[in-house]
Amino acid sequence: MEREAMEYDVVIVGAGPAGLSAAIRLKQRAAEADREISVCVIEKGSEVGAHILSGAVIETRALDELIPDWKERGAPLKTPAGDDSFVFLTKRRAFRLPTPPDMNNHGNYIVSLGNVCRWLGEQAEALGVEIYPGFPAAEVLYAEDGRVRGVATGEVGVARDGSHKPNYEPGVELRARFTLFAEGCRGSLTKELFERFDLREGRDPQSFGIGIKELWEVDPAKHAPGRVLHSIGWPLDRRTYGGSFLYHLEDNQVAVGFVVGLDYQNPHLSPFEEFQRFKTHPAIRPLFEGGRRIAYGARALNEGGFQAIPKLVFPGGALIGCTAGFLNVAKIKGTHTAMKSGMLAAEAASDALGAGEAGLDGYETAIKSSWIWDELYRVRNVRPSFRRGLWLGLAYSALDTYLFRGRAPWTLHHPEPDHARLGKRDEYPPIDYPKPDGEVSFDRNSSVFLAAVAHEEDQPVHLRLKDPEVPVKINLALYDAPEQRYCPAGVYEILRDADGGNPRLQINAANCVHCKTCDIKDPTQNINWVTPEPGSGPNYPNM
Ligand SMILES: Cc1cc2nc3c(=O)[nH]c(=O)nc-3n(C[C@H](O)[C@H](O)[C@H](O)COP(=O)(O)OP(=O)(O)OC[C@H]3O[C@@H](n4cnc5c(N)ncnc54)[C@H](O)[C@@H]3O)c2cc1C
Ligand code: SF4
């Protein structure tokens, strides 16, 4: 069957803050110049926002620039961030620390980023942007001269064995003068572009964290809209980077989450169980007692910062938002930088289309003279300093922030990728996690149920193993099969016969919440996450 093709000026992959801001800016530019620019956004989630998972406390800096009258237009930013606290937890106690300047949230808003994206999607459509949710971009299209020529959406109706089912439909080719990749952290097509155009040459490897989040409805007497709490310390050991966030939104809702740096070394560590354990702390547990858990999900985030930003432009397109890695890890915020990068790429694309130019080099230059560059430069040493443990990281960060004000005459580096940091099973102690109590802590299965994952069972497994022998011969033998623990959705299971022999890996692909952790942390990089059949994945209501 032939693939249908559609032509646009600009195709954008991903309807997150970066992709939608780029789409809006392109149409604003077209209106200002009184000319047509055709813009199409494709999104793998079943609707805009369905795959968005964030904290989130957001800065409005980019939104103010993009849509200055966002309040009048009813943007879902309803809860100004108020009381900020930063605490260090031991097993039984909580000690309040001074809030670092980057974590001061005065002037910011606590939001559901999914709902902000739904609203941005409406603004984009009102300007004439075509948005197609439920369409993953599965393939990059290249022109004969090697430039990116667009993307193709995934096929529907392919059985697990590769044969075509009666409902088979080929993908659609979306061709464009420029393609902007806004896939968010660890984009699956972006990975291919990194290789093909050597975009990471001379840059530090990207470093990541996994963020696991739940949304709760709590007792109104315990709810304080605008309250923001971040914690470090227990239950993580001093060598593992991470901590919690706890944000009180509107309607008695509390967003609670836990981030673990994926450069962790102990292969027995389970980020999911660390999060469940965190909620049982005596200073945290009372908030959730008597409450109701509404939603669950997980997503990787970039922590590499300034040193890890790749080359952003290649023939025929550019990378925007977290797929490039603009998250400010000292603030745990990447929405404002994602939006601004999308806007700058849109301006470069609109200029290039107007002038009949073939490249987007103006975007790379614009990023370097924008506030994004300055902001990320100032905090560049914070995250790498934690590689030597919590106390040295805190001490160094205080020095870097207060004394050097981010202008220290050196740059600390991320020497190796996260997967290379994983230690062997015998070198680290196993961790004895408590059983979930079913009141504030839960198991994986009941959690994944709250992610409302849709997934046609009879389709090729989208977690592709380069070598099917590696999970048992290497991962189980040397690392005690860490994929069973780092996957927050119970996708990977080692099964055995009744006598305990014949270990084999089972992949429950239908549970996948698209967090991308396996693609990042698998110690031999044997797992390749590719887009599943259209319509698959979580259906987050308001994460
Ligand atoms: C746990 C956690 C907490 C966070 N807290 C905060 C916070 O408090 N404040 C803050 O500002 N930031 C926070 N962030 C970061 C913030 O969420 C990101 O910086 C921001 O979402 C990046 O926007 P983006 O548009 O680049 O990517 P995303 O928001 O990830 O959006 C990418 C979109 O592209 C789609 N997509 C991906 N690949 C394809 C494909 N091949 N085809 C079609 N569609 C595709 C995805 O489904 C998704 O909708 C947090 C992140 C996490 C994980
Ligand atoms: S299979 Fe991979 S991408 Fe899917 S939920 Fe598990 S770790 Fe995340």
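Position labels on residues start from 1 in each chain and follow its written sequence. Whichever chain is written first becomes A and whichever ligand is written first becomes 1, with later ones labelled in order. The model is predicted, so local features are restricted to residues of pLDDT at least 70 and side-chain atom pairs to those at 80 or more, both for listing and for counting; the totals for chains, interfaces and linings are taken over all residues. Side-chain numbers come from the whole structure's heavy atoms, not from hydrogens or water.

Q: I would appreciate a short explanation of the packing of aromatic side chains in the present structure.
A: By convention here, two paired aromatic rings are described through the distance between centres and the angle between planes. Aromatic pairs are defined between Phe, Tyr and Trp rings, using the six-membered ring for Trp, whenever the two ring centres lie within 6.5 Å; interplanar angles under 30 degrees are classed as stacked, those over 60 as edge-to-face, and all others as tilted. According to the stated counting rule, one finds 15 aromatic pairs in the structure shown. With centroids separated by 6.0 Å and ring planes inclined at 55°, the aromatic side chains of Phe181 and Phe314 adopt a geometry described as tilted. Placement of the pair is Phe181 in strand β13 (residues 173-181) and Phe314 in strand β19 (residues 313-314), with a sequence separation of 133 residues. As far as burial versus exposure is concerned, Phe181 and Phe314 are alike and both buried. Look at Phe272 and Tyr296: their rings are 6.0 Å apart centre to centre, the planes differ by 75°, and that puts the pair in the edge-to-face class. What counts as a helix is a DSSP run of H or I of at least four residues, what counts as a strand is a run of E of at least two, and both are numbered from the N terminus. Between buried and exposed lies partly exposed: a residue is buried under 20% and exposed over 50% of the maximum accessible area for its type, with that area taken using a 1.4 Å probe on protein chains only.

Q: Which parts of the structure should I look at to understand the site of ligand 1?
A: Around ligand 1, the structure places 39 residues, and the nearest of them are Glu43, Ser54, Val57, Ala137 and Cys322. Counting of polar contacts relies on pairs of N or O atoms within 3.5 Å, with two restrictions inside protein: one atom must be capable of donating a hydrogen and the other of accepting it, and residues adjacent in sequence are counted only when both atoms are side-chain atoms. Interatomic distance of 2.6 Å between a side-chain N/O atom of Glu43 and an oxygen atom of ligand 1. Relative to its free-state accessible area of 1000 Å², ligand 1 is covered by the protein chains to the extent of 97%. Of all the secondary-structure elements, those providing two or more residues to the shell around ligand 1 are α1 (17-33), β2 (39-43), β3 (57-58), β16 (242-248), β18 (292-302) and α7 (335-355). One heavy atom within 4 Å of a molecule or strand is enough for the residue carrying it to be called near that molecule or strand. Note on areas: Shrake-Rupley, 1.4 Å probe, and residue coverage restricted to the protein chains presented here.

Q: Got a minute to help me understand the side chain of Lys213 in this structure?
A: Mapped onto the elements of the fold, Lys213 is located in strand β14 (residues 208-217). A residue counts as positive if it is Lys or Arg and as negative if it is Asp or Glu; His and the chain ends are not included. We count a salt bridge whenever a side-chain nitrogen from Lys or Arg sits within 4 Å of a carboxyl oxygen from Asp or Glu. Summary of buried charges: Lys213 has no salt-bridge partner, and the nearest side chain of opposite charge, Glu250, is 11 Å away. Only 2.9 Å separates the side chain of Lys213 from the backbone oxygen of Ser54, close enough to count as a polar contact. Among residues more than four places away in sequence, those in contact with Lys213 are Leu53, Ser54, Gly55, Phe245, Ala255, Val256, Gly257, Phe275, Ala295, Tyr296, Gly297 and Met543. Here, two residues are considered to be in contact whenever any of their heavy atoms come within 4.5 Å of each other.

Q: Help me out: how do you make sense of the environment of Val111 in this one?
A: Within the secondary structure, Val111 sits in the loop between β7 (109-110) and α3 (113-126). Put simply, Val111 and Gly55 are 56 residues apart on the chain and 7.9 Å apart in space, counted from C-alpha to C-alpha.

Q: Got a minute to help me understand helix α13 (residues 470-479) in this structure?
A: At 3.6 residues per turn, the α-helix brings residues three or four places apart onto the same side. Listed in full, the buried residues belonging to α13 are Val470, Pro471, Asn475, Leu476 and Tyr479. Seen from one end, α13 has its buried residues packed into an arc of 140°, which puts them on one side. Along its buried surface, α13 packs onto β21 (463-465), α14 (483-486), β22 (492-495) and β23 (504-507). At the C-terminal side of α13, Asp480 shows a positive phi close to 60°. The arc in question is formed by the directions pointing from the helix axis toward the C-beta atoms.

Q: In this structure, what is going on with unusual backbone geometry? I would like to understand it.
A: Of all residues except glycine, most have a negative phi; of all peptide bonds, most are trans. Cis geometry is found at the peptide bond from Gly55 to Ala56, where omega equals -5°. Mapped onto the elements of the fold, Ala56 is located in the loop between β2 and β3. Residue Pro235 is reached from Trp234 by a cis peptide bond, and omega for that bond is 5°. Unlike most non-glycine residues, Arg186 shows phi in positive territory, near 55°. Position of Arg186 among the secondary structure elements: in the loop between β13 and α4 (188-196). Phi is positive for Asp251, close to 55°, though the residue is something other than glycine. When you line up the elements, Asp251 lands in the loop between β16 and β17 (253-261).

Q: What should I look at first to understand α3 in this one?
A: Expected span, for any helix, means 1.5 Å times one less than how many residues it has. Here α3 is 14 residues long and its end C-alpha atoms lie 20 Å apart, about the 20 Å a rise of 1.5 Å per residue gives. Buried residues of α3: Leu113, Gly114, Val116, Cys117, Arg118, Trp119, Leu120, Gly121, Gln123 and Ala124, and no others. Residue Gly128 follows α3 closely and has a positive phi angle near 105°.

Q: Is there a simple way to think about the sheet that holds strand β4 (residues 79-80) in this case?
A: Hydrogen bonds along the backbone pair up the strands of a sheet, which may run parallel or antiparallel. Paired strands, in this sense, are two strands between which DSSP finds at least two bridges. Read from one edge of the open sheet, three strands run β3-β7-β4, paired in antiparallel fashion. Unpaired on one side and paired on the other, β3 and β4 mark the two borders of the sheet. Pairing between β3 and β7: two bridges, direction antiparallel. Counted as the bridge partner of Ile58 is Tyr109 from β7.

Q: Looking at this model, I keep getting lost on the pattern of salt bridges. Mind explaining?
A: For side chains of opposite charge, pairing can occur when their charged atoms come near one another. Scanning all chains against the criterion turns up 37 salt bridges. Here Glu59 ties to Lys331 by a salt bridge, and the two come within 2.6 Å at their closest N and O atoms. Linking Glu59 in the loop between β3 and α2 (61-66) with Lys331 in the loop between β20 (317-319) and α7, this pair joins segments that are 272 residues apart in sequence. Per residue, the accessibility class of Glu59 equals that of Lys331, and both read buried.

Q: So what exactly am I meant to see when it comes to the pairing of strand β6 (residues 94-97) here?
A: Two faces make up the sheet, and in a regular strand the side chains alternate between them. Pairing of strand β5 (residues 84-89) with β6 involves four bridges; the strand directions are antiparallel. Looking at β6, one finds that Phe86 is bridged to Leu97. The antiparallel pairing of β5 with β6 creates a hairpin that spans four residues between the two strands.

Q: Teacher, can you tell me more about the site of ligand 2 here?
A: The immediate surroundings of ligand 2 are formed by 13 residues, with Cys487, Cys512, Cys515, Lys516 and Cys518 found nearest. Among the residues forming the shell around ligand 2, the class breakdown is eleven nonpolar, one polar and one charged. Polar here means any residue other than Ala, Val, Leu, Ile, Met, Phe, Trp, Tyr, Cys and Pro, which are nonpolar, and Asp, Glu, Lys and Arg, which are charged; Gly is therefore polar.

Q: Looking at this model, I keep getting lost on the layout of surface pockets. Mind explaining?
A: Gaps left between atoms show up when a probe the size of a water molecule is rolled over them. The space that makes up the largest pocket amounts to roughly 1100 Å³. Only β9 (137-142), β10 (148-153), α4, α15 (517-521) and β24 (527-529) provide two or more residues apiece to the lining of the largest pocket. Split by residue class, the lining of the largest pocket holds 21 nonpolar, 16 polar and 13 charged. Looking at the second largest pocket, its volume works out to about 720 Å³. For each structure, a 1 Å grid was placed over the protein atoms alone; sets of points admitting a 1.4 Å probe that cannot get out are labelled cavities, open sets with protein on both sides within 12 Å along at least five of seven lines are labelled pockets, and lining residues have an atom within 4 Å of a point. Forming the walls of the second largest pocket are 36 residues, and the residues nearest its centre are Phe86, Pro100, Met103, Phe386 and Leu394. Grid points are joined across faces, edges and corners, and a volume is the space filled by probe spheres set on the points.

Q: Just to check I follow, could you spell out the sheet that holds β16 for this structure?
A: Spatially, seven strands are ordered β6-β5-β15-β16-β17-β14-β18 in an open sheet, and the strand pairing comes out mixed. The open sheet has two edge strands with one neighbour each: β6 and β18. For this sheet, the mean angle separating the axes of adjacent strands, direction not counted, is 20°. Bridging between strand β15 (residues 228-233) and β16 involves four bridges; their strand directions are antiparallel. The partner of Ser231 across the bridge, within β16, is Ser244. Every angle, taken between N-to-C directions, lies between 0 and 180 degrees, and every axis is a line fitted to C-alpha atoms, over only the stretch in contact when it is a helix.

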